[in-house]
Amino acid sequence: MTTAPSIAAQRVLVLDFGAQYAQLISRRVRENHVYCEIVRHDITPEQIRRHAPRGLILSGGPSSVYEGGAPMCDPAIFKLGIPVLGICYGMHLACETLGGKVENAPAREFGRARCQVTSGGDLLAGVPESFDVWMSHGDQVARVSDDFVSLAKTKTCPIAAVKHKSLPVFGVQFHPEVTHTPLGSHILHNFLTTVCGCTGTWKLGDFAKQTIDQMRGRIGNDRVICGLSGGVDSAVTAALLYQAIGPQLSCILVDNGLLRKDEQAAVIAEFTRHFKTDLHVVAGEARFLATLKGITEPQEKRRRIGHAFIECFKEESKQIQDVKFLAQGTLYPDVIESGAAADGPAATIKLHHNVGGLPAELGFELVEPLRDLFKDEVRRLGLELGLPEDLVWRHPFPGPGLAVRCLGEVTKPRLDVLREADAIMIEEIKAAGLYRQTSQAFAVLLPVQSVGVMGDARTYENAVALRCVNTDDFMTADWTHLPYDVLARISTRIINEVKGVNRVCYDISSKPPATIEWE
Ligand code: XMP
């Protein structure tokens, strides 16, 4: 029997010179149906050969190539015969390594710029003579050696794209990975197809089939438990495993009393009706509220919730016989950020607030079927597997739930106020057709009372803050410019309909310096 070639066989590696750029590039590559992994910038040529990539992309980054301590790559990688595309800092590195000169630009470029093609073809095939690009640089390539051809320029950047004459090495000063470069994905597509020869084998439907087969092979006749949180990652993990092993899957949903309105009911309905899994709902609300009683310090809330969650999960898992595996919805960004990927970038970014993570002492083997996927891929996979749109497109929700949005003490009556206000906000954002265009929207109950007047009576009641952000990666975020009429409807409805609230504010802080959550 012959096995089908892996859909990840045609892969491209992104060498990471500044993490936030690398992830975005990697996602764009995958949107072109080419499997992509992020690796350390100092990966050796030998390690690269082992990955057998079709192409390499050197990411942008915050450093200057001429500064001591700037991240470098092994110069030998340009001689491997594997196509290379350097983006911004990556282009500087390629040009400098191959005989050019990078200098601080006379005029820095941040934002939109008009680019003129000086020599079209391969990388810029199909790009008009003049096109918009997004620039973000203080340095630029001042000179290239005779081995290079300049492909494009802007008013202040004479070498905005280059190609080596004899090596398959390209560079662009602008950022093709951001949506502000409208032809960016076209240019990346040219690199991946024309230059690297990738044919687009990375398809989520095929990923699902291959992963289901792999899971079946690995799990055999054993039992797997999977925690359901109400979020998309755990739901997709469970749906995938259900297709692989059906009745051998047991799901545990810990009702911590900290979920959004109707969320738990929706998950239970889906996983009992549609997927018919063996679902164990642990009634933990009283236990969580008891452990949170009198606690106002955010980290202490997190610690206690994490602890209670593990206890609940452990107790319930003991009720399930012969469990060998524990399934977790770990995603690719978690793998990269924890530095756990082979050749992956070091743990430069915070380890994600891992409430809901379960300790190894549970003694199960881990299965993590989503560990190669980005969030948007997980969502599309969820739809392929038959999960409802509502669940798949749900905004991310923190493990400690509403506890970190209920500032001050967490009590049932305060949670109920918050749940109602939050539900109204989400309902109005959905009604305005804005839910999918925003990354996260929620209400926060403040530990503040203020004076108001309702009817003829003076009130002294709670204030609610509305938070709505747009972000690509949740590491940085802009507050969403929600239309005033939508804000007005949310505010009026909350004050009229939610007993105990007489004031609504809109949070207009970006991250950084604020975080998305208030605690
Ligand atoms: P911040 O507040 O750090 O949040 O800007 C970034 C993203 O992470 C989520 N978040 C959490 N998720 N446990 C989680 O599982 C947590 O303790 C936690 N704190 C924040 C937050 O909702 C946002 O999506």
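All figures in this text were calculated on a predicted structure; none of them were measured in a lab.

S.K.: Tell me about unusual backbone geometry, and name the residues and values.
M.R.: Residues lysine 511 and proline 512 are joined by a peptide bond in cis, for which omega reads -15°. The topology assignment puts proline 512 in the segment after β18 (501-506). Cis geometry marks the peptide bond from proline 512 to proline 513, where omega comes out at 10°. Looking at the secondary structure, you find proline 513 in the segment after β18. With a phi angle near 65°, histidine 33 is a residue other than glycine that sits in the positive phi range.

S.K.: Can you explain the nonpolar core? Please cite residues and give values.
M.R.: In this structure, Leu258, Phe288, Phe313, Ile429, Leu466 and Ile494 are the most contacted members of the largest nonpolar core, which totals 47 residues. Considering each element in turn, this core owes the most residues, 8 residues, to helix α13 (residues 412-431). What isoleucine 494 contacts, discounting residues up to four positions off in sequence, is Ala421, Ile424, Leu466, Val501 and Val504. Of all hydrophobic cores here, the second largest spans 41 residues; its members include Ala8, Leu204, Val224 and Val232.

S.K.: For the sheet that holds strand β4 (residues 84-87), give the residues involved together with the corresponding values.
M.R.: Reading across from one edge, β2-β1-β3-β4-β9-β8-β7-β5-β6 is the order of the 9 strands in this open sheet, with mixed pairing throughout. In this open sheet, the two edge strands, each paired with only one partner strand, are β2 (35-40) and β6 (130-143). Averaged over all pairs of adjacent strands, the angle between strand axes in this sheet comes to 20°, irrespective of strand direction. Pairing of strand β5 (residues 101-117) with β6 involves 12 bridges; the strand directions are antiparallel. Following the sheet pairing, alanine 113 is matched in β6 by valine 133.

S.K.: Let's hear about the site of the ligand: which residues, and what values?
M.R.: Among the 12 residues in the neighbourhood of the ligand, the closest are listed as Arg302, Gln440, Lys511, Ile516 and Glu517. Between the ligand and the protein, one listed contact pairs an oxygen atom with a side-chain N or O atom of arginine 302 at 2.5 Å. Contact between the ligand and isoleucine 516: an oxygen atom at 2.7 Å from a main-chain N or O atom of the residue. For the ligand, the protein covers 90% of the area, taking 500 Å² as the surface of the free molecule. Looking at side-chain class alone, the shell around the ligand contains 4 nonpolar, 4 polar and 4 charged residues.

S.K.: Quick one: what's the story with the pattern of salt bridges, residue by residue and with numbers?
M.R.: Under the defined criterion, the tally for this structure stands at 34 salt bridges. Arginine 49 serves as the salt-bridge partner of glutamate 46, at 3.1 Å between the closest nitrogen and oxygen. Of this pair, glutamate 46 and arginine 49 both sit in helix α2 (residues 45-51), separated by 3 residues, roughly a single helical turn. In this structure, arginine 467 engages aspartate 507 in a salt bridge whose closest nitrogen and oxygen atoms are separated by 3.2 Å. One end of the pair, arginine 467, is in strand β16 (residues 457-470); the other, aspartate 507, is in the segment after β18, with 40 residues separating them in the sequence.

S.K.: So, the environment of phenylalanine 313: which residues are in play, and what are the values?
M.R.: With respect to the helices and strands, phenylalanine 313 occurs in helix α9 (residues 298-318). Put simply, phenylalanine 313 and leucine 241 are 72 residues apart on the chain and 19 Å apart in space, counted from C-alpha to C-alpha. Setting aside its immediate chain neighbours within four residues, phenylalanine 313 contacts Ile225, Gly227, Ile252, Val254, Leu326, Leu358 and Leu362.

S.K.: Quick rundown of the packing of helix α6 (residues 232-245) against helix α11 (residues 375-384)? Include the residues and the values.
M.R.: Running from N to C, α6 and α11 cross one another at 45°; their axes reach a closest spacing of 10 Å. By the criterion of interaxial angle, the relationship of α6 to α11 is oblique. The hand of the α6/α11 crossing is left-handed. Across the interface between the two elements, Val232, Asp233 and Val236 from α6 touch Lys375, Val378, Arg379, Leu381 and Gly382 from α11. Considered class by class, the residues forming the contact of α6 with α11 number 4 nonpolar, 1 polar and 3 charged.

S.K.: Which residues make up the pairing of strand β11 (residues 249-255), and what are the values?
M.R.: Two faces belong to every sheet, and in a regular strand the side chains alternate between them. The element β11 is extensively covered by neighbouring structure, given that 7 of its 7 residues are classed as buried. Of the two faces of β11, both are covered, the one formed by Leu249, Cys251, Leu253 and Asp255 as well as the one formed by Ser250, Ile252 and Val254. Both strand β10 (residues 223-228) and β11 contribute to a ladder of 5 bridges, which runs parallel. Directly across from cysteine 226, in β11, lies its bridge partner cysteine 251. The parallel pair β10 and β11, bridged by α6, forms a crossover whose chirality is right-handed. Strand direction decides the pairing type here: β11 and strand β12 (residues 278-283), joined by 6 bridges, are parallel. From the neighbouring strand, serine 250 faces β12, where its bridge partner is aspartate 278. Regarding topology, helix α7 (residues 263-274) serves as the crossover connection from β11 to the parallel β12, and that connection is right-handed.

Cut-offs applied
- Residues numbered from 1 in each chain as written.
- Predicted model: local features only at pLDDT ≥ 70, side-chain atom pairs only at ≥ 80, totals over all residues.
- Heavy atoms only, no water.
- Helix = DSSP H or I, 4+ residues; strand = E, 2+ residues; numbered from the N terminus.
- Core = buried A, V, L, I, M, F, W, Y, C linked by side-chain atoms within 4.5 Å.
- Buried < 20%, exposed > 50% of the residue type's maximum accessible area, 1.4 Å probe, protein only.
- Contact = heavy atoms within 4.5 Å.
- Pairing = 2+ DSSP bridges.
- Axes fitted to C-alpha atoms, helices over the stretch in contact; angles between N-to-C directions.
- Near = heavy atom within 4 Å.
- Polar contact = N/O pair within 3.5 Å; in protein donor to acceptor, adjacent residues only side chain to side chain.
- Areas by Shrake-Rupley, 256 points an atom, 1.4 Å probe, with all protein chains shown as cover.
- Nonpolar A, V, L, I, M, F, W, Y, C, P; charged D, E, K, R; others polar.
- Salt bridge = Lys/Arg side-chain N within 4 Å of Asp/Glu carboxyl O.
- Parallel < 35°, antiparallel > 145°, perpendicular 65-115°, else oblique.
- Left-handed = near helix turned anticlockwise from the far one by under 90°.
- Right-handed = clockwise from strand over helix to strand, strands pointing away.

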